[in-house]
Structures are given as C-alpha cells and as structure tokens.
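Below are the chains, spelled out letter by letter.
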Amino acid sequence: MIYFVALLCVAGIAGGQILFKLSAAAWHKSGSLFDPSTLTTLFAAFALYGVTTIAWVWVLQKIDLGKAYPLMALAFVIVPIGSHFIFGEKFQTQYFIGVAMIMGGIVIAMRT
C-alpha cells in the first residue's frame with residue numbers, strides 16, 4: 001500500500017508539471033497572469049502539488065527516504081510521455097536511452 005501511494009505521489013508530481021506547462025501556455029496566450037484560464041490552471045497545479053506533498057509526508061512516515069525517493073525519478077519518465085500526448089512534443093533517441101538508465105537506476109536502488 002505504501003509503494004502504491006508513493007507511485008500516486010509520482011503521478012501527482014508529473015501531473016502538476018503538466019498543469020504548470022498548461023498554465024504557462026494560457027498565460028502566454030492571454031498575456032496576463034490574472035486571466036481566469038491562467039489562474040485556474042495554475043491553482044489546480046498548486047492544489048495537486050499540495051495534496052501530493054501531504055501524501056508524500058505520509059509515505060515518509062512509513063518507509064525510509066532512501067527507499068521512497070528513487071521512485072520520484074519516474075517523474076522524469078512520465079512527464080515527457082504526458083507532454084508527448086498533451087502538447088505533441090517529440091521524443092529523441094536520447095530520451096529512450098535516458099529512460100532505460102533511469103529505470104535501471106531505480107531497480108538497482110530499490111534492491112538495496
């Protein structure tokens with residue numbers, strides 16, 4: 001259960017990053033930080049980060065930081081995938097090499 005919540009935290013952080021990007025796009029489009037579309041998306045990102053942070057603190061009550069933190073590296077995998085589908089960003093070969101290295105690092109870190 002703890003690792004499931006930790007993975008939800010990773011997904012929340014990744015989702016927050018995508019919401020931050022959406023708020024940046026809304027800000028650029030409107031030209032104003034105070035545009036309702038910009039503020040709505042920005043506050044949604046803050047809210048998601050806040051809930052995720054509280055859940056992360058709960059996770060850290062249950063397991064060592066050294067066991068939980070390597071899972072956060074999954075955000076480096078999830079965010080570009082989300083940006084591909086939401087923003088149409090393209091993958092480079094280096095991305096797949098980096099993902100393989102991150103996944104290998106997570107496996108190694110979690111086994112110790």
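To keep things clear, this report deals only with the structure shown in the data block. Note that the structure is predicted; figures quoted are calculated from it, not measured.

## Brief notes about the packing of aromatic side chains
Summed over the entire model, instances satisfying the criterion amount to six aromatic pairs. Note on Phe 20 and Phe 46: the rings are 5.7 Å apart at their centroids and 65° apart in plane angle, and the pair reads as edge-to-face. Taken together, the residues span a long stretch of sequence, with Phe 20 in helix α1 (residues 2-30) and Phe 46 in helix α2 (residues 36-62) at a distance of 26 residues. Phe 20 gets classed as partly exposed once you look at its relative accessible area, which sits at 23%. Ring centres 5.4 Å apart and planes at 75° place the aromatic pair Tyr 95 and Phe 96 in the edge-to-face group. A network of ring pairs unites the aromatic residues Phe 20, Phe 43, Phe 46 and Tyr 49 as a single cluster.

## What about helix α4 (residues 75-87)?
Here α4 spans 17 Å end to end across 13 residues, near enough to the 18 Å set by a 1.5 Å rise per residue. Buried residues belonging to α4 abut α1 and α5 (93-111). Of the residues flanking the end of α4, it is Gly 88, one or two places downstream, whose phi is positive at about 75°.

Cut-offs used in this document
- Residues numbered from 1 in each chain as written.
- Predicted model: local features only at pLDDT ≥ 70, side-chain atom pairs only at ≥ 80, totals over all residues.
- Heavy atoms only, no water.
- Phe/Tyr/Trp six-rings, centres within 6.5 Å; stacked < 30°, edge-to-face > 60°.
- Helix = DSSP H or I, 4+ residues; strand = E, 2+ residues; numbered from the N terminus.
- Buried < 20%, exposed > 50% of the residue type's maximum accessible area, 1.4 Å probe, protein only.
- Expected span 1.5 Å × (residues − 1).
- Contact = heavy atoms within 4.5 Å.

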